[in-house]
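# Topology and contacts: notes
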Amino acid sequence: MDWNGIQNFSSNLVFGILLFAMISYWINLSFFSETNQLAKIGNFSTLFANILLFFILCSRWIVAGYFPLSNLYESLLFLTWSLLSIYLYIELKTRSKLIGAILIPVALLINGFANLTLSPEMQKSSPLVPALQSNWLMMHVSMMLLSYATLIIGSLLCLLFLVISKYKDIDLNLIDTSSLPLYNIMVDYYEVKRLSSSNEMAELGKLKLLQSLDNWSYRIIGLGFPFLTIGIIAGGVWANEAWGSYWSWDPKETWALITWLIFATYLHARITKGWEGKKTAILGSLGFFVIWICYLGVNFLGKGLHSYGWLS
């Protein structure tokens, strides 16, 4: 059985499904705000795409005999799967179509880059190079990619906050938070504005949406930061085992540290300084670009100890 062919076909099918889901969400958000039917179709399509990605990863694991995180192609598939899994959970809790409309395009771009840009040789499973033949591979790389997925989503919500607030300072304390449930429903400002002729109601909907974005970005970044910390520590232990040094100031290590410092500053500002709204959204948004430099940008240089199976 040609497993590489089956996996490539499934991955291309995921791209088509995500494209369909993205269009469904955008059409629903733009023209049919009063109904959720198209959004439900998009949600179901995304769930099916996620199941296919899970099948691809599991089949590569079984066939190759190691956890499928040894090259750029496999890491992109795992990142896409992680993003979609977290997105599906968030949408289940918030019931917001806006989440899918901004997160599915990101997953689509990642999957498209994996399928359309990387050569067929880079997409095939291959034996692990000696440096990757370690039990630390699963621990280190999976934690780093899970942290990237959660932090990308959290920082995207920060970017969305800045866009909707038009980069203005918003007093989020105007709404009584005691009346909001634990998993507060995201009120889509666009829906309220479309369905209500009252400017006051529209502004209330906008304020509730901004408060929910601020709250959820904090929660998700708070979840991703421990993943990032564990991933960096596991990488240090693995590096000491493989090369005799916990830290070598490799470009990837340096940018991982920069990423850690930015999100540590974000959490410190929220927890100890009580920052919220625009200030923390700026910090979180900065993290979005730093993550991509750390994950992909450094590897385009083709230098350093982290070039195995990437673009070298």
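Model, not experiment: these values are computed from the prediction.

Moving on to the packing of helix α9 (residues 251–271) against helix α10 (residues 278–297). When two helices pack together, you describe them by how their axes are tilted relative to each other and by the distance separating the axes. The N-to-C vectors of α9 and α10 enclose an angle of 165 degrees; their axes lie 9 Å apart at closest approach. In terms of orientation, α9 and α10 fall into the roughly antiparallel class. α10 is crossed by α9, and the crossing has left-handed handedness. Across from K252, W255, A256, I258, T259, I262, F263, T265, Y266, A269 and R270 in α9, the residues of α10 making contact are T280, L283, G284, L286, G287, V290, I291, I293, C294 and Y295. Here the residues of the contact of α9 with α10 sort into 14 nonpolar, five polar and two charged.

Because each turn of an α-helix spans 3.6 residues, side chains separated by three or four positions in sequence point in the same direction. Helix length check: helix α1 (residues 3–31) (29 residues) gives 42 Å between terminal C-alpha atoms against 42 Å at 1.5 Å per residue, within 8%. Looking at α1, one finds that the buried residues are Q7, S10, S11, V14, I17, L18, A21, M22, S24, Y25, N28 and L29.

Taken as a whole, this structure holds eight aromatic pairs when the rule is applied. Here W292 and Y295 contribute two aromatic rings whose centre-to-centre distance is 6.2 Å and whose plane-to-plane angle is 55 degrees, an arrangement assigned as tilted. Of the two residues, W292 and Y295 are both situated in helix α10; the distance of three residues between them amounts to about one turn of the helix. Using a relative accessible area of 2% as the deciding quantity, one classes Y295 as buried. Against the face of Y218 rests R270, its NZ or CZ located 4.3 Å from the ring centre.

Our next topic: the UniProt feature "transmembrane region" (unreviewed entry) in the protein. In the UniProt entry, the feature "transmembrane region" (unreviewed entry) is given for residues 12–32, 44–66, 72–90, 97–116, 136–164, 216–239, 254–269 and 281–302. For the annotated span residues 216–239, helix accounts for 100% and strand for 0% of the residues, and the straight-line distance between the end C-alpha atoms is 34 Å.

A cluster of nonpolar side chains, contributed by L19, I23, I27 and F31, occupies part of the molecular surface with about 350 Å² of accessible area. Position of F31 relative to the elements: it lies in helix α1.

Tracing the sequence through the fold places S142 in helix α6 (residues 136–164). Residue classification places S142 among the buried residues on the basis of a relative accessible area of 9%. Only 2.3 Å separates the side chain of S142 from the backbone oxygen of M138, close enough to count as a polar contact. Non-local contacts of S142, meaning those with residues more than four positions away in its chain, are made with F67, L69, F78 and L137.

Enumeration over the complete set of coordinates arrives at two salt bridges. The partner of E74 in a salt bridge is R60, with the nearest N and O atoms 3.1 Å apart. With E74 in helix α3 (residues 72–94) and R60 in helix α2 (residues 37–64), this residue pair connects regions lying 14 residues apart in the sequence. Residue classification places R60 among the buried residues on the basis of a relative accessible area of 1%. Note that D214 is salt-bridged to R270, the shortest N-O span being 2.9 Å. Of the two residues, D214 sits in helix α8 (residues 199–243) while R270 sits in helix α9, which places them 56 residues apart along the sequence. Here the two residues D214 and R270 agree in accessibility, since each one is buried.

We now examine the side chain of E91. Among the structural elements, E91 can be located in helix α3. Looking at E91, the relative accessible area reads 10%, which means it is buried. At a separation of 2.7 Å, a polar atom in the side chain of E91 contacts the side chain of Y25. Setting aside anything within four residues of it in sequence, one finds E91 in contact with Y25, N43, S96, K97 and G100.

Conventions we followed
Residues numbered from 1 in each chain as written. Predicted model: local features only at pLDDT ≥ 70, side-chain atom pairs only at ≥ 80, totals over all residues. Heavy atoms only, no water. Axes fitted to C-alpha atoms, helices over the stretch in contact; angles between N-to-C directions. Helix = DSSP H or I, 4+ residues; strand = E, 2+ residues; numbered from the N terminus. Parallel < 35°, antiparallel > 145°, perpendicular 65-115°, else oblique. Left-handed = near helix turned anticlockwise from the far one by under 90°. Contact = heavy atoms within 4.5 Å. Nonpolar A, V, L, I, M, F, W, Y, C, P; charged D, E, K, R; others polar. Expected span 1.5 Å × (residues − 1). Buried < 20%, exposed > 50% of the residue type's maximum accessible area, 1.4 Å probe, protein only. Phe/Tyr/Trp six-rings, centres within 6.5 Å; stacked < 30°, edge-to-face > 60°. Lys NZ or Arg CZ within 6 Å of the ring centre and 35° of its normal. UniProt positions renumbered as here; feature names shortened; annotations may be inferred. Patch = residues over 30% accessible without salt bridge, like charges linked within 9 Å, V, L, I, M, F, W, Y side chains within 5 Å. Areas by Shrake-Rupley, 256 points an atom, 1.4 Å probe, with all protein chains shown as cover. Salt bridge = Lys/Arg side-chain N within 4 Å of Asp/Glu carboxyl O. Polar contact = N/O pair within 3.5 Å; in protein donor to acceptor, adjacent residues only side chain to side chain.

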